[in-house]
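If you want the building blocks of each chain, they are given just below.
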Amino acid sequence: MIARSQDTRLSLFAKAVSGIKWSASASAASVLIQFAQLSVLAHFLSPKDFGLMAMAQIAMGFAQSYADMGISNALIYQQSLSQAQRSSLFWLNLAAGIALFLIVSAAAPAVAHLFHAAELAGLLRWTAVLFIITPFGQQFQALLEKDLHFGVLA
């Protein structure tokens with residue numbers, strides 16, 4: 001019994017180390033890709049358009065912090081969930097995404113006014129569509145994190 005417990009601990013430790021490696025690699029690759037994207041955009045966009053993009057990213061980053069509402073953490077925390085519970089959490093997450101889309105879309109003119117950039121309203125409305133798309137994959141991502149499959153996530 002003790003040997004099996006040690007094997008489980010070693011297996012969990014190996015998965016954690018592997019997860020750290022994959023997460024670090026994925027983060028480094030993400031930073032490099034974002035840097036390359038910004039470099040290309042800075043080359044092709046006018047300073048005004050680049051500024052609009054930066055303002056949109058600030059507003060969307062603020063809204064993104066409310067997108068998941070901790071649902072992914074609940075999936076990871078619970079040891080076992082029934083299919084009905086997972087389904088309910090999926091629909092709750094999708095409803096939250098739609099609500100956030102509607103809030104950002106409605107607030108877009110006010111945010112544009114705050115930044116003194118009328119063109120920002122349309123840009124925010126278009127990028128807010130991401131709040132409807134993202135919930136379709138969040139639950140699967142959380143379940144992969146729960147099962148420590150960081151290689152697949154990376």
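Residues numbered from 1 in each chain as written. Predicted model: local features only at pLDDT ≥ 70, side-chain atom pairs only at ≥ 80, totals over all residues. Heavy atoms only, no water.

## Describing the packing of helix H4 (residues 83–114) against helix H5 (residues 120–127)
Part 1 of the argument: Where H4 meets H5, the closest approach of the two axes is 8 Å, and the angle between their N-to-C directions is 165 degrees. Of the possible angle classes, the one that applies to H4 and H5 is roughly antiparallel. Of the two possible hands of crossing, H4 and H5 adopt the one that is right-handed. Contact residues: Phe101, Val104, Ser105, Ala108, Pro109, Val111 and Ala112 in H4; Leu120, Ala121, Leu124 and Arg125 in H5. (Axes fitted to C-alpha atoms, helices over the stretch in contact; angles between N-to-C directions. Helix = DSSP H or I, 4+ residues; strand = E, 2+ residues; numbered from the N terminus. Parallel < 35°, antiparallel > 145°, perpendicular 65-115°, else oblique. Left-handed = near helix turned anticlockwise from the far one by under 90°. Contact = heavy atoms within 4.5 Å.)

## Some details on the nonpolar core
Part 1 of the argument: Membership of the largest hydrophobic core comes to 17 residues, with the highest contact counts inside it found for Val104, Leu120, Leu124 and Phe131.
Part 2 of the argument: Among the elements of the structure, helix H2 (47–64), H4 and H5 are those that each provide at least two residues to this core.
Part 3 of the argument: With six residues, H2 is the largest single contributor of residues to this core.
Part 4 of the argument: Discounting residues that sit within four places of it in the chain, Val104 has contacts with Met60, Ala63, Leu124, Ala128 and Phe131.
Part 5 of the argument: With five residues, the next largest nonpolar core counts Leu75, Leu81, Leu89 and Ala142 among its residues. (Core = buried A, V, L, I, M, F, W, Y, C linked by side-chain atoms within 4.5 Å. Buried < 20%, exposed > 50% of the residue type's maximum accessible area, 1.4 Å probe, protein only.)

## So, the pattern of salt bridges
Part 1 of the argument: Scanning all chains against the criterion turns up one salt bridge.
Part 2 of the argument: Where Lys48 meets Glu119, a salt bridge forms, and the shortest distance between an N and an O atom there is 2.9 Å. Of the two residues, Lys48 sits in helix H2 while Glu119 sits in the loop between H4 and H5, which places them 71 residues apart along the sequence.
Part 3 of the argument: The exposure class of Glu119 is partly exposed, given its relative accessible area of 41%. (Salt bridge = Lys/Arg side-chain N within 4 Å of Asp/Glu carboxyl O.)

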